[in-house]
Amino acid sequence: MFYSVTFQKIIYLTAIGVIIGAVVGFSAVLGFDLGGTAFILSMFLSILLVYVTAMYAELYHIREAINKQRREDRA
């Protein structure tokens, strides 16, 4: 199946967030004897954190490209 690059990134980032959230959630439930709410909350927060990190990285790359273009225009 062929998806757009943006949709592939969303699926990829969601999968990373789910994996990280599952590891943290299972350790919270099994290791610290917390309830299932901690598992759901860790999944949600980890997916959100992965999205925020990816958005920051994309904005950083855009800023670097703009700065490079401005340096080339001055020279």
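Since this is a predicted model, take the numbers as computed values, not measurements.

Enquirer: Before we go on, may I ask you to explain unusual backbone geometry in this structure?
Expert: One can expect most non-glycine residues to show negative phi and most peptide bonds to be in trans. The backbone of Asp33 sits at a positive phi, close to 60°, despite the residue not being glycine. Turning to its location among the elements, Asp33 is positioned in the loop between helix H1 (5-31) and helix H2 (36-74).

Enquirer: Looking at this structure, how should I read the layout of surface pockets?
Expert: Here the idea is plain: a probe the size of a water molecule rolls over the atoms and shows the empty space left. As a volume, the largest pocket reaches approximately 150 Å³. Mapped by element, the contributors of at least two residues to the lining of the largest pocket are H1 and H2. Of the residues contributing to the lining of the largest pocket, the split by class is five nonpolar, one polar and two charged.

Enquirer: Sorry if this is basic, but what is going on with the environment of Gly25 here?
Expert: Structurally, the position occupied by Gly25 is in helix H1. On the basis of relative accessibility, which here comes to 0%, the residue Gly25 falls in the buried class. In this structure Gly25 touches Phe39 and Ser42, once residues within four positions along its chain are discounted.

Enquirer: Before we go on, may I ask you to explain the side chain of Ser42 in this structure?
Expert: Of note, Ser42 is situated in helix H2. Given a relative accessible area of 11%, Ser42 falls into the buried group. Each residue touching Ser42, except ones within four places of it in the same chain, is listed here: Gly21, Val24 and Gly25.

Enquirer: Got a minute to help me understand the pattern of salt bridges in this structure?
Expert: Where charged atoms from two side chains of opposite charge come close, those side chains can pair. Taken as a whole and assessed by the stated rule, the structure comprises one salt bridge. A salt bridge links Glu58 to Lys9, with the nearest nitrogen and oxygen atoms 3.1 Å apart. Here Glu58 is found in helix H2, whereas its partner Lys9 is found in helix H1, with 49 residues between them in sequence. Since its relative accessible area comes to 39%, Glu58 is described here as partly exposed. The exposure class of Lys9 is partly exposed, given its relative accessible area of 40%.

Enquirer: What's the story with the packing of H1 against H2 in this structure? I'm lost.
Expert: In a packed pair of helices, the relevant descriptors are the angle between the two axes and the axis-to-axis distance. Across the interface, H1 lies against H2 with an axial gap of 7 Å and an inter-helix angle of 140°. One finds that H1 runs oblique with respect to H2. The crossing of H1 and H2 is right-handed. Counted by class, the contact of H1 with H2 contains 17 nonpolar, six polar and two charged residues.

Enquirer: Got a minute to help me understand a nonpolar patch on the surface in this structure?
Expert: A cluster of nonpolar side chains, namely Leu41, Phe44, Leu45, Leu48 and Val52, defines an oily patch on the protein surface of about 470 Å² accessible area. Tracing the sequence through the fold places Leu41 in helix H2. Relative accessible area serves as the criterion here: at 48%, Leu41 is assigned to the partly exposed category.

Here is what the cut-offs are and how they apply
Residues numbered from 1 in each chain as written. Predicted model: local features only at pLDDT ≥ 70, side-chain atom pairs only at ≥ 80, totals over all residues. Heavy atoms only, no water. Helix = DSSP H or I, 4+ residues; strand = E, 2+ residues; numbered from the N terminus. 1 Å grid on protein atoms, 1.4 Å probe; cavity = no way out; pocket = protein on both sides within 12 Å on 5 of 7 lines; lining within 4 Å. Points joined across faces, edges and corners; volume = space filled by probe spheres on them. Nonpolar A, V, L, I, M, F, W, Y, C, P; charged D, E, K, R; others polar. Buried < 20%, exposed > 50% of the residue type's maximum accessible area, 1.4 Å probe, protein only. Contact = heavy atoms within 4.5 Å. Salt bridge = Lys/Arg side-chain N within 4 Å of Asp/Glu carboxyl O. Axes fitted to C-alpha atoms, helices over the stretch in contact; angles between N-to-C directions. Parallel < 35°, antiparallel > 145°, perpendicular 65-115°, else oblique. Left-handed = near helix turned anticlockwise from the far one by under 90°. Patch = residues over 30% accessible without salt bridge, like charges linked within 9 Å, V, L, I, M, F, W, Y side chains within 5 Å. Areas by Shrake-Rupley, 256 points an atom, 1.4 Å probe, with all protein chains shown as cover.

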